[in-house]
Amino acid sequence: MEVIENLFRGFPELWGGGVAHSMMILSLVITIGLSLGKLKVRGVSLGLAWILFAGLLFGHFQFNLDEHLLHFLKEFGLILFVYSIGLEVGPGFFSSFRRGSNTLIGLVTIVIAMSLVIAISIYYISDTPITTIAGILSGAVTNTPGLGTAQQAYSDLRHIDAPTIASGYAVTYPMGVLGVIISFIILKWVLRINVKKEEAAALVGVGHLEEVTVNTFAVKVSNEMMQGVTVKHLRELLKRNFMVSRIYREGTQIHQNIVSAQTTIQLGDSLLIVSRPKDEEPICALLGAKEEIDWKKFGKQMVSRRILITKSSVNGKTLEQMKIPNTFGVNVTRVNRSGVDLVATGQLKLQMGDKLTVVGNELSISHVEQVLGNSMKRLNSPNLIPIFLGIVLGCILANVPLFIPGISASLRLGLTGGPLIVAILIGYFGPKYNLVTYNTISANLMLRRFGLCIFLACVGLGTGEDFVQTIVSQSGMQWILYGLLITMLPILFGGIIGRYVFHINYFTLVGVLAGAHTNPPALAYVNDMTQSDSPSVGYSTVYPFAMFLRILTIQMMIFVFG
């Protein structure tokens, strides 16, 4: 019995209670939290937030870790979590501003600004400490990196920890999840949404997701001026990015799958074209009219395959440099990167993990596979150098002093901002300079979840002693109300602005709003409402920018008001 008690309370003769005690408490908190995270009510779950609640329970009953060890593990988990997020969002962070999604980015900025204004207004009106407001804000928008950023920023500023940050987060997080879903239901009623009409538009990708959507359609050439025109000249005339994937010449039964820039077009040809939705109308207007054609009848002559880039030698090269059509006699029609389809233009730089849609015969495609890799086994070997090198650079950047007008003390990005910025830069610029930064989605998710589990467990253990008294008090009830205001008002006003000012499709709109709150449970709820990918694409389009802005603004709030 004494051994069991020491495992829970710590061995008196060992520093910090001993390694066995510390590992058991930490692992037990995480195990209980993960198990409870599988519980769902009407398809909605609090997920990893249960780890925080399990840690609060253990902390309340004094089953805890040494405070110095707890601080180290919390910071270690936070660095792993934030850095893996940076690597994930880095490739799409800057490009999100160039995909024609400026309207969506603008809407996210409005929503985040509104939540920040509401939080600061509550701070002035209620005289609630800024540390508590920071925790309430992080929980209300379900932004765990914001929680870590606020704690790190206040620790750097005052050289002490503020337990009320984690308490505010824990109190408001559940309502942060439910508040967004309730807001979506209200918006659906207020905006008088016709679900069938909105879904039909979302399925073809029209609207504000046109730049991140690729459609395939057939056109019958009926314009006499197009007789004998090459594909290269056709692109010059239209000044748009598109691919001619296949050509069928009626009457001759010629089915041409190797379409190059020098391929000529003739009257009566049927062209299979890959382009953005917004480019369909001008392409059809110049060539002729859209038509329905069964391309499956040519299946014996050609096949379409998706090939995964797994060779580091390809990383950073453009499709033009690879010369795939001329060398292998196949066409690359589109490139899928992080779930987003891109038109396969010659200037597009390839990255490890890209999936290329290739059209050609079986033998030619097998040769392309040898060049590009197409081996999951290669990707299963993690690239650890960018991770540890990036953490080193992130720690250096974290401690570089910054001077902001109006603030006397020198500020630092801290162990949240430094690794995050370095990870974003490495994730984006790495492939451009032939640095392989790709890790499989599962490897990146494992690293992120591992760090987040440790961080949440340590935050709960360190805050649990006073949490129960806080939540049952009058102030705890007020915190919940403040959290609902911060959660729902920006969503409701942002939804109205997005619909009536920016005219955004409803399913795209709710995906964007879920991304603005970095709220995966809300996205899961929306995805169950539609067969289209618009919510997920909208979410992933704005998520990198929203995550970065959330982290930056809450840090600045602590620096200015803390």
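Definitions and limits used
Residues numbered from 1 in each chain as written. Predicted model: local features only at pLDDT ≥ 70, side-chain atom pairs only at ≥ 80, totals over all residues. Heavy atoms only, no water. Helix = DSSP H or I, 4+ residues; strand = E, 2+ residues; numbered from the N terminus. Buried < 20%, exposed > 50% of the residue type's maximum accessible area, 1.4 Å probe, protein only. Contact = heavy atoms within 4.5 Å. Areas by Shrake-Rupley, 256 points an atom, 1.4 Å probe, with all protein chains shown as cover. Core = buried A, V, L, I, M, F, W, Y, C linked by side-chain atoms within 4.5 Å. Patch = residues over 30% accessible without salt bridge, like charges linked within 9 Å, V, L, I, M, F, W, Y side chains within 5 Å. Salt bridge = Lys/Arg side-chain N within 4 Å of Asp/Glu carboxyl O. Phe/Tyr/Trp six-rings, centres within 6.5 Å; stacked < 30°, edge-to-face > 60°.

Colleague: Quick rundown of the overall build of the protein? Include the residues and the values.
Modeller: Broken down by element type, the protein carries 23 helices and 9 strands. When the 562 residues of the protein are sorted by exposure, 56% land in the buried category. Taking as baseline every contact in the protein between residues at least 6 positions apart, the subset at least 24 positions apart corresponds to 80%. Of the roughly 25200 Å² of accessible surface on the protein, a fraction of 61% belongs to carbon and sulfur atoms.

Colleague: Can you tell me about the nonpolar core, naming the residues and giving the values?
Modeller: One recurring pattern in soluble globular proteins is that nonpolar side chains are buried together. In terms of nonpolar packing, the biggest core is built from 96 residues, with Val 29, Ile 51, Val 108, Leu 137, Phe 184, Ile 486 and Met 557 touching the most fellow members. Per-element accounting of this core gives the leading share, 12 residues, to helix α23 (residues 534-561). In this structure, Val 214, Met 322, Val 343 and Leu 356 belong to the second largest nonpolar core, which totals 24 residues.

Colleague: Now, about a nonpolar patch on the surface: what can you tell me, with residues and values included?
Modeller: Together, Leu 178, Ile 182, Ile 186, Trp 189, Val 190, Ile 496, Tyr 500 and Val 501 line one region of the surface with nonpolar side chains, adding up to about 760 Å² of accessible area. Of all elements in the fold, only α8 (163-190) and α20 (474-500) reach the threshold of two or more residues within the nonpolar patch. Checked against the element boundaries, Val 501 lands in the loop between α20 and α21 (506-516).

Colleague: Outline the packing of aromatic side chains, supporting the account with residue identities and numerical values.
Modeller: Within the structure shown, the criterion is met by 6 aromatic pairs. Look at Trp 50 and Phe 53: their rings are 5.7 Å apart centre to centre, the planes differ by 80 degrees, and that puts the pair in the edge-to-face class. Taken together, the residues Trp 50 and Phe 53, both in helix α3 (residues 49-60) and 3 residues apart, mark about one turn of the helix. A connected cluster of aromatic rings, assembled from ring pairs, spans Tyr 123, Tyr 124 and Phe 561.

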